[in-house]
Amino acid sequence: MRGAMRGATCQVRQWRKARAQWRADMQRFKAAQKEARRTGGKMPENPGPPPSGFALLPWLLMGMGAFSNLWQGKTANPWIGAIGLLAFNSLYIYVTFRAFAKVTREARATKVALALMTVITVGLALGYGGSWLYFFPLLGLATGAVLRGPWLGQIGLGLTALAAAVSVYRAGWDAVNVAYGTFLSTMVTAAILSLSEAVRELREAREELARQAVEKERLRFSRDLHDLLGHTMSVIVVKSEAARRLAPRNMDAAIAQITDIESVGRQALTEIREAVTGYRDGSLATELDRARSALTAASVESVVVRSGTPLAPQTEVLLGWVVREAVTNVLRHAGATRCEITVNSTSEQVRLTVTDDGTGDGTDDSTPSATGIGGTGLKGLTERLAAAGGSLRAGPSPRGGGFTVTAELPVEVGDLAHVVLATAPRAG
């Protein structure tokens, strides 16, 4: 008894929680609907009331005929009929309220309660007939609410046959109406509730996908902002140091470096604005020129070699990000005197290699990861190239000393535009 009371209390608590959530959703829906009407935008979707057993309670009115017979004293052994009516209604309420949660719907207690309903229905129908036969459609409704699956059709036909047999015994040809009502209530209830549950699951999945898309966009934007500002600030620091060294002995050269700092700062502002508005596009040639200028200002000899077939704009954008990040790491961490950038493209793939002769690890982490890709920037580039079907390797130079970053991309992978759109900075 205590367990039953505890279960009922838990169900009421869950229903109240769902009701409060529905009210909050309705308030948001009304606010969004009002805003859509004001701006002429798309109307939001009505969340609807929370699914619960209350939707199935009105069907108990089908048993009013039996209750009327009891009230008017037309039923033999009225105490047995009253106990049976009370037991059936209690089990019906118990089963239908448990039918809207998969865990409780598939629980053994629910199926035992449904079996007891069947026994009580058959007993009352055989004992009294008449209006008591209409408990079979109610039993079919509860069965359809609970048993949704591959066995539903067979169980529904079996229940219909049972209702028809009992009704023929008690009411003759009126059994057709009872059997038809039993079959219809079983199958229609199962179909409607299954469809409602599928719609609810699809809505939850859509909300989850939207949340994941926001999280992914936030991660992408933070990664791109790191790439933009990291490279720009490194160039500004290097050119500022060059201007400080040159100022005492060559003011014109120092002013040229300061002019470059101003240009780099303006370019950074432009790129950040374009990143926020989502229209930034890159060029590999532009990134190579910037890399050469930054390396020269840092007193690092730069060698740029480019050969092979022309590249698609989308491929150049991805490789431009690799050049930007690799050169930034050379300036920050390598302590190199020479940096070589090689781009070699064929009809099948393009390979970009950035090699330095420094002593640093070439990343912005003190300890490289187990995969050889250390640092936030290189990890982000690894994800980008993997999305485009390519790869990125970073580690000590095989020639001994220095650090090498190698990026490979297939050039025959249909259209890389979706990869660029998913990785290049754009508005969230």
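### A look at the layout of surface pockets
Here is step 1 of the chain: The computed volume of the second largest pocket comes to approximately 380 Å³.
Here is step 2 of the chain: What lines the second largest pocket is a set of 22 residues, among which Leu56, Trp59, Leu141, Thr189 and Ile192 lie closest to the centre.
Here is step 3 of the chain: Contributions of two or more residues to the lining of the second largest pocket are made by helix H6 (135-146) and helix H8 (175-246).
Here is step 4 of the chain: Looking at the lining of the second largest pocket, the element that brings in the most residues is H8, giving 10 residues.
Here is step 5 of the chain: Class assignment for the residues of the lining of the second largest pocket results in 14 nonpolar, 5 polar and 3 charged.

### Here's the deal with the pattern of salt bridges
Here is step 1 of the chain: Summed over the entire model, instances satisfying the criterion amount to 12 salt bridges.
Here is step 2 of the chain: Glu408 is paired through a salt bridge with Arg351; the nearest N and O atoms lie 2.6 Å apart. Highlighted residues: Glu408 in strand S5 (residues 403-410) and Arg351 in strand S3 (residues 349-356), separated in sequence by 57 residues.
Here is step 3 of the chain: Among the ionic pairs, Glu408 bridges to Arg393, the shortest N-O distance being 3.8 Å. Placement of Glu408 in strand S5 and of Arg393 in strand S4 (residues 391-396) is noted, with a sequence separation of 15 residues between them.
Here is step 4 of the chain: The class of Glu408 is buried, set by a relative accessible area of 14%.

### What about the sheet that holds strand S2 (residues 338-345)?
Here is step 1 of the chain: On the basis of which strands lie adjacent, the open sheet formed by 5 strands has the order S1-S2-S3-S5-S4 and mixed pairing. For this open sheet the edge positions go to strand S1 (301-308) and S4, each flanked by a neighbour on one side alone. Averaged over all pairs of adjacent strands, the angle between their axes in this sheet comes to 10°, without regard to strand direction.
Here is step 2 of the chain: Note that S1 and S2 share 8 bridges and pair parallel. Bridged to Ser302 within S2 is Cys339.
Here is step 3 of the chain: Strands in contact with helix H11 (residues 313-334) are S1, S2, S3, S4 and S5; relative to S3, the strand with the most contacts, it is inclined by about 10°.

### Digging into the pairing of S5
Here is step 1 of the chain: Most of S5 is tucked away: 8 of the 8 residues are buried.
Here is step 2 of the chain: Side-chain alternation along S5 places Phe403, Val405, Ala407 and Leu409 on one buried face and Thr404, Thr406, Glu408 and Pro410 on a second face that is also buried.
Here is step 3 of the chain: Bridge analysis of S4 against S5 gives 6 bridges, and the strand direction is antiparallel. Its bridge partner being in S5, Pro396 is matched across the sheet by Phe403.

### Quick word on the packing of aromatic side chains
The description of an aromatic ring pair rests on the distance of the ring centres and on the angle between the ring planes.
Here is step 1 of the chain: As enumerated under the stated definition, the model contains 5 aromatic pairs in all.
Here is step 2 of the chain: Seen from their ring centres, Phe67 and Trp71 are 6.3 Å apart, and the 25° between their planes marks the pair as stacked. Remark: Trp71 and Phe67 occur in helix H2 (residues 64-71); sequence separation between them is 4 residues, near one turn of the helix.
Here is step 3 of the chain: Given a relative accessible area of 70%, Trp71 falls into the exposed group.
Here is step 4 of the chain: It is Arg324 that lies over the ring of Trp321; its NZ or CZ is 5.8 Å from the centre.

Conventions we followed
Residues numbered from 1 in each chain as written. Predicted model: local features only at pLDDT ≥ 70, side-chain atom pairs only at ≥ 80, totals over all residues. Heavy atoms only, no water. 1 Å grid on protein atoms, 1.4 Å probe; cavity = no way out; pocket = protein on both sides within 12 Å on 5 of 7 lines; lining within 4 Å. Points joined across faces, edges and corners; volume = space filled by probe spheres on them. Helix = DSSP H or I, 4+ residues; strand = E, 2+ residues; numbered from the N terminus. Nonpolar A, V, L, I, M, F, W, Y, C, P; charged D, E, K, R; others polar. Salt bridge = Lys/Arg side-chain N within 4 Å of Asp/Glu carboxyl O. Buried < 20%, exposed > 50% of the residue type's maximum accessible area, 1.4 Å probe, protein only. Pairing = 2+ DSSP bridges. Axes fitted to C-alpha atoms, helices over the stretch in contact; angles between N-to-C directions. Contact = heavy atoms within 4.5 Å. Phe/Tyr/Trp six-rings, centres within 6.5 Å; stacked < 30°, edge-to-face > 60°. Lys NZ or Arg CZ within 6 Å of the ring centre and 35° of its normal.

Honestly, that's just the spatial picture; any functional story needs more than this.
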